[in-house]
Amino acid sequence: MASYKRMPEITMQDVEGVMLRTAYWEKPDGSDALPLVFFNGIGANLELTLALGDMFPDREILTFDVPGVGLSPVTQWPYRHWMAARWARKLSDRLGFDVVDVMGVSWGGALAQQFAFQYRNRVNRLILCATSSGMTMIPGRPASLSRMVDTRRYTDPEFMRENFATLYGDMADESAGRHIDGLLPPDPKGYIYQLLAFAGWSSLPFIRFLKMPTLVMMGDKDTIVPLVNGQILSWALPDARLHVVEGGGHLFLVTRAAETADVINGFLCGPALRAAKAA
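Residues numbered from 1 in each chain as written. Predicted model: local features only at pLDDT ≥ 70, side-chain atom pairs only at ≥ 80, totals over all residues. Heavy atoms only, no water.

*Asks:* Which residues make up the overall build of the protein chain, and what are the values?
*Replies:* Helix and strand content of the protein chain: 11 helices and 8 strands. By residue count, 56% of the 279 residues in the protein chain fall in the buried class. Considering only residue pairs separated by 6 or more positions, the protein chain has 77% of its internal contacts joining residues 24 or more positions apart. Total accessible area on the protein chain stands at roughly 11,900 Å², and carbon and sulfur atoms take up 56% of it. (Helix = DSSP H or I, 4+ residues; strand = E, 2+ residues; numbered from the N terminus. Buried < 20%, exposed > 50% of the residue type's maximum accessible area, 1.4 Å probe, protein only. Contact = heavy atoms within 4.5 Å. Areas by Shrake-Rupley, 256 points an atom, 1.4 Å probe, with all protein chains shown as cover.)

*Asks:* Let's hear about the sheet that holds strand E2 (residues 18-25): which residues, and what values?
*Replies:* If you trace the 8 strands from one edge of the open sheet to the other, you get E1-E2-E4-E3-E5-E6-E7-E8, paired in mixed fashion. Each edge of the sheet is formed by a strand with only one pairing partner; in this case those strands are strand E1 (9-15) and strand E8 (240-245). Direction aside, the axes of adjacent strands within the sheet are offset by 20° on average. Two strands pair when backbone bridges link them, and E2 and strand E4 (residues 61-64) are joined in this way by 4 bridges, in the antiparallel orientation. Counted as the bridge partner of Ala-23 is Thr-63 from E4. Its contacts with the sheet put helix H9 (residues 227-236) on strand E6 (123-129), strand E7 (214-219) and E8, and the angle it makes with E7 is roughly 165°. (Pairing = 2+ DSSP bridges. Axes fitted to C-alpha atoms, helices over the stretch in contact; angles between N-to-C directions.)

*Asks:* Mind laying out the environment of Asp-58, listing which residues take part and the relevant values?
*Replies:* Structurally, Asp-58 can be placed in the loop between helix H1 (52-55) and E4. Among the residues examined, Asp-58 registers a relative accessible area of 26% and is labelled partly exposed. The sequence separation of Asp-58 and Ser-31 amounts to 27 residues, and the corresponding C-alpha distance is 5.9 Å. Leaving out residues up to four positions away in the same chain, Asp-58 has contacts with Arg-6, Pro-28, Ser-31 and Ala-33.

*Asks:* Go over unusual backbone geometry with me, naming the residues and quoting the values.
*Replies:* Despite not being glycine, Ser-106 shows a phi value in the positive range, around 55°. Along the chain, Ser-106 turns up in the loop between strand E5 (100-105) and helix H3 (107-118). Positive phi, normally seen in glycine, also occurs at Ala-130, with a value near 50°. Along the chain, Ala-130 falls in the loop between E6 and helix H4 (142-148).

*Asks:* Any details on the side chain of Thr-75? Residues and values, ideally.
*Replies:* Relative to the helices and strands, Thr-75 is located in the loop between E4 and helix H2 (81-94). Among the residues examined, Thr-75 registers a relative accessible area of 12% and is labelled buried. Ignoring sequence-local partners within four residues, the contact set of Thr-75 consists of Val-18, Pro-67, Lys-189 and Tyr-193.

*Asks:* I'd like to hear about the environment of Thr-63, residue by residue, with values.
*Replies:* Positionally, Thr-63 belongs in strand E4. Remark: the alpha-carbon pair of Thr-63 and Leu-36, spanning 27 residues in sequence, is separated by 8.7 Å. When sequence neighbours within four positions are dropped, the list of residues in contact with Thr-63 reads Arg-21, Thr-22, Ala-23, Trp-25, Phe-38, Leu-46 and Thr-49. Within the local environment of Thr-63, its side chain forms a polar contact with the backbone oxygen of Phe-38, the two atoms lying 2.9 Å apart. (Polar contact = N/O pair within 3.5 Å; in protein donor to acceptor, adjacent residues only side chain to side chain.)

*Asks:* Provide a residue-level description of H9, including the pertinent values.
*Replies:* Where H9 is concerned, the buried positions are Asn-229, Gly-230, Leu-233, Ser-234 and Ala-236. At its buried positions, H9 is contacted by H3, E6, E7 and E8.

*Asks:* So what's going on with the pairing of E8? Which residues, and what values?
*Replies:* Where a strand is regular, its side chains alternate between the two sheet faces. The sheet contact formed by E7 and E8 spans 6 bridges and is parallel. Note that in E8 the partner of Gly-219 across the bridge is Val-245. In this view, the connection linking E7 to its parallel neighbour E8 by way of H9 has right-handed handedness. (Right-handed = clockwise from strand over helix to strand, strands pointing away.)

*Asks:* Report on H3, specifying residues and quantitative values.
*Replies:* In an α-helix, one turn spans 3.6 residues, which is why side chains three or four residues apart end up on the same side. Its 12 residues place the ends of H3 17 Å apart at the C-alpha level, agreeing with the 16 Å of an ideal helix rising 1.5 Å per residue. Where burial is concerned, most of H3 is hidden: 10 out of the 12 residues are buried. Buried within H3 are the following residues: Trp-107, Gly-108, Gly-109, Ala-110, Leu-111, Ala-112, Gln-113, Gln-114, Phe-115 and Ala-116. Elements in contact with the buried residues of H3: strand E3 (36-39), H2, E5, E6, helix H8 (188-198) and H9. (Expected span 1.5 Å × (residues − 1).)

Next up, the structure:
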C-alpha cells in the first residue's frame, strides 16, 4: 500500500447502534480551512481514500465505511440515504464540526446530495464527482455495468487489471494499481444494501434547495456514469459549475489525482464563499 504524508486516525464508532469504521485526519496547525466530509463510492473501503490527506493538506477530513463495506459490520436491515446522512452528521458533531464542505464520488455523490439537503445550513460548498441525480440517471455502457456486479473485481487483482479500462474508462497505470491493491471485498449483503439504498432515490425533487456553490466534476470517458449526468446536475443545481476531466474515466479522482485536487482546492478556496450558518 502506498505511503502518504498525512495519515488518518482510524476508529470504530457506535452511531445509533450502528458500528462505523471511521477515518479522521486532524486539523493542521494554523489552518483556518473548513473540515471536509467525504462520501465514497459503492463497495469502496476507506483504505481507498488515504490519499485525501495529501490532496487536501490544510483540512480536517472525515470519511467512513458504510455498513458491510471495508471493516464496518453489516446492519441487520437495509438503510436509506437519509439514515447514512444522519450518521455522518452525528460523527461530525462528535468532532466538533459546525459548518463543513462536502464531497462525494459516484454512489457517495448521491449521499453527498442527501446530506447537503438534510443539513443545508451546515454545508458551505459541495463537490460532486462522477455521480448523478439517482434513479433518473442516464446509465453507462452494459459491458461496464456487467463487470461492476462481478465479485472478482474485489477478490482477483488480475481480473481488475485486465478489465480496469472496460470497467471505469481509465487506464490501469500505477495509480490504478494502488487502488486495486487497496480493495477489500464488501460483505455481499452490505453491497446489496448499498444498491437498495440507491434504488428509488433521486435528488431531482429537492435539488433546487441545494443553493450552496457546487462543483460538478465528470470524466468524458466515464463508462459507468456518462458525462450527460453531470450536465443534468449542473443544469438543475442553482449555483453549480461543471468541470470536465478530458480523457478521464470513472476513477479520475485516482488516476488524475493531482489535476483533480488542483481543481477542487481552487474551488474550495475561491472568492465569494457563501456565508453558512450552523443549524
